[in-house]
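A look at the structure
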Amino acid sequence: MFLCVQFKFKSRYFIPVLKQLNLDYITFHALRYTHATLLLAQKINPKIVQERLCHSSITLTLDTYSHLIPDI
């Protein structure tokens, strides 16, 4: 059921908004990755990034995005 709801959201709202704003198609995953990248580039605490992404642990966040944080 979740996939069905997600598909309807994507086709009814997300893609039309992208077209209205004259933006290229981007996946939710790419938006999520970009969001995390921008936060970490602004030196936001990785714990806050973990919470915003709903990662189960800080380890998951750091394993995924540590290449973006040169001080680690």
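Before reading on, note that the structure itself is shown above.
Our subject in this report is the structure included herewith. Every chain is numbered independently, its residues counted from 1 as its sequence is written. Given that the model is predicted, a residue must reach a pLDDT of at least 70 before its local features are reported, and side-chain atom pairs must reach 80 or more before they are shown or counted; all residues, however, enter totals for whole chains, interfaces and linings. As a convention, hydrogens and water are excluded, and side-chain values are obtained from all of the structure's heavy atoms.

This paragraph deals with unusual backbone geometry. Even without glycine at this site, Lys43 takes up a positive phi of about 65 degrees. Along the polypeptide, Lys43 turns up in the loop between helix H2 (28-41) and helix H3 (46-53). Positive phi, normally seen in glycine, also occurs at Cys54, with a value near 60 degrees. Going along the chain from the N terminus, every DSSP run of H or I of four or more residues is numbered as a helix, and every run of E of two or more is numbered as a strand. Its place among the elements puts Cys54 in the loop between H3 and helix H4 (58-65). What makes Cys54 exposed here is its relative accessible area of 69%. Burial classification: accessible surface area is computed with a 1.4 Å probe over protein chains only, and a residue below 20% of its type maximum counts as buried, one above 50% as exposed, and the rest as partly exposed.

A few words on the nonpolar core. A general feature of soluble globular proteins is that nonpolar side chains tend to end up buried together. One finds Ala36, Leu39, Leu40, Val49, Leu53, Tyr65 and Ile69 forming the largest nonpolar core, which totals seven residues. Those elements giving two or more residues to this core turn out to be H2 and H3. Ranked by residue count, the leading element in this core is H2, at three residues. Val49 has contacts with Ala36, Leu39, Leu40, Ile44 and Thr61, leaving out every residue within four places of it along the chain. Nonpolar cores are built from buried Ala, Val, Leu, Ile, Met, Phe, Trp, Tyr and Cys residues. Side-chain atoms within 4.5 Å join them into one set. Any two residues whose heavy atoms approach within 4.5 Å are treated as being in contact.

Right, let's get into the environment of Leu38. The topology assignment puts Leu38 in helix H2. Each C-alpha atom, one on Leu38 and one on Leu68, is 9.6 Å from the other, the two residues being 30 residues apart in sequence.

Moving on to a nonpolar patch on the surface. There is a patch of nonpolar side chains on the surface, built from Phe9, Tyr13, Phe28 and Leu31 and spanning about 370 Å² of accessible area. The set of elements that each furnish at least two residues to the nonpolar patch consists of helix H1 (2-20) and H2. Tracing the chain through its elements places Phe28 in helix H2. Patch definition: residues above 30% relative accessible area lacking any salt bridge, with like charges linked at up to 9 Å and the nonpolar side chains Val, Leu, Ile, Met, Phe, Trp and Tyr linked at up to 5 Å. Using a 1.4 Å probe, the Shrake-Rupley method yields the accessible areas, and only the shown protein chains count as cover for residues. When a carboxyl oxygen of Asp or Glu is within 4 Å of a side-chain nitrogen of Lys or Arg, the pair counts as a salt bridge.

Now for the environment of Arg52. With respect to the helices and strands, the residue Arg52 is situated in helix H3. Each C-alpha atom of the pair Arg52 and His35 lies 9.5 Å from the other, and the pair is 17 residues apart in sequence. In this structure, Arg52 is in contact with His35 and Leu39, ignoring residues within four places of it in sequence.

No statement about biological role is implied by the geometric values presented.
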